[in-house]
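Each chain, letter by letter, is given below.
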Amino acid sequence: MKITVCIGSSCHLKGSRHVVEKLQALIAENNLSDKVELGGTFCTGNCQHGVCVTLDDKFFSLTPETTEEFFNTEVLAKA
């Protein structure tokens, strides 16, 4: 399973660093480092939304506050 977080300037201003840190912590807490690959990318062209995140090519728009809900409903469901 691959999660890619946009770290371009627009998403950075919307909190992409916090989203990445939260995902790193959740992956570690749930012992999923062998099942989840976390990566970064630059602009995905969806700047009008929150932080642009893809999970296995499916697009999500996150904020630091919605990251845990995303992880619980999307990542843990597939793990």
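Everything discussed here concerns the structure shown above.
Residues numbered from 1 in each chain as written. Predicted model: local features only at pLDDT ≥ 70, side-chain atom pairs only at ≥ 80, totals over all residues. Heavy atoms only, no water.

**Quick word on the state of the cysteines**
Reasoning step 1: Enumeration according to the criterion identifies zero disulfides in this entry.
Reasoning step 2: Cys6 provides the cysteine sulfur closest to Cys11, a residue in no disulfide bond, and the two sulfurs are 3.6 Å apart.
Reasoning step 3: Counting only cysteine sulfurs, Cys11 is the nearest neighbor of Cys52, a cysteine outside any disulfide, at a range of 3.8 Å. (Disulfide = S-S within 2.5 Å.)

**A short note on the pattern of salt bridges**
Reasoning step 1: Within the structure shown, the criterion is met by three salt bridges.
Reasoning step 2: One salt bridge connects Glu37 with Lys2, and the closest N-O pair in it is separated by 3.1 Å. Of this pair, Glu37 sits in strand 2 (residues 37–41) while Lys2 sits in strand 1 (residues 2–6); the two residues are 35 residues apart in sequence, bridging distant segments of the chain.
Reasoning step 3: Given a relative accessible area of 45%, Glu37 falls into the partly exposed group.
Reasoning step 4: You can call Lys2 partly exposed: its relative accessible area is 36%.
Reasoning step 5: The closest approach of N and O atoms between Glu68 and Lys22, which form a salt bridge, is 3.4 Å. One end of the pair, Glu68, is in helix 3 (residues 67–78); the other, Lys22, is in helix 2 (residues 16–29), and 46 residues separate them in sequence.
Reasoning step 6: Classification of Glu68 as partly exposed rests on a relative accessible area of 37%. (Salt bridge = Lys/Arg side-chain N within 4 Å of Asp/Glu carboxyl O. Helix = DSSP H or I, 4+ residues; strand = E, 2+ residues; numbered from the N terminus. Buried < 20%, exposed > 50% of the residue type's maximum accessible area, 1.4 Å probe, protein only.)

**Digging into helix 2**
Reasoning step 1: For helix 2, with 14 residues, the first-to-last C-alpha span of 20 Å sits near the 20 Å given by 1.5 Å per residue.
Reasoning step 2: Here helix 2 has its buried residues at Ser16, Val19, Val20, Leu23, Leu26 and Ile27. Angular distribution of buried residues about the axis of helix 2 spans 130°; they occupy a single face of the element.
Reasoning step 3: Buried residues belonging to helix 2 abut strand 1, helix 1 (9–13), strand 2, strand 3 (51–55), strand 4 (58–62) and helix 3.
Reasoning step 4: Asn31 sits one or two residues past helix 2 and shows a positive phi near 50°. (Expected span 1.5 Å × (residues − 1). Arc of directions from axis to C-beta. Contact = heavy atoms within 4.5 Å.)

Purely spatial values, then, with no claim about function.
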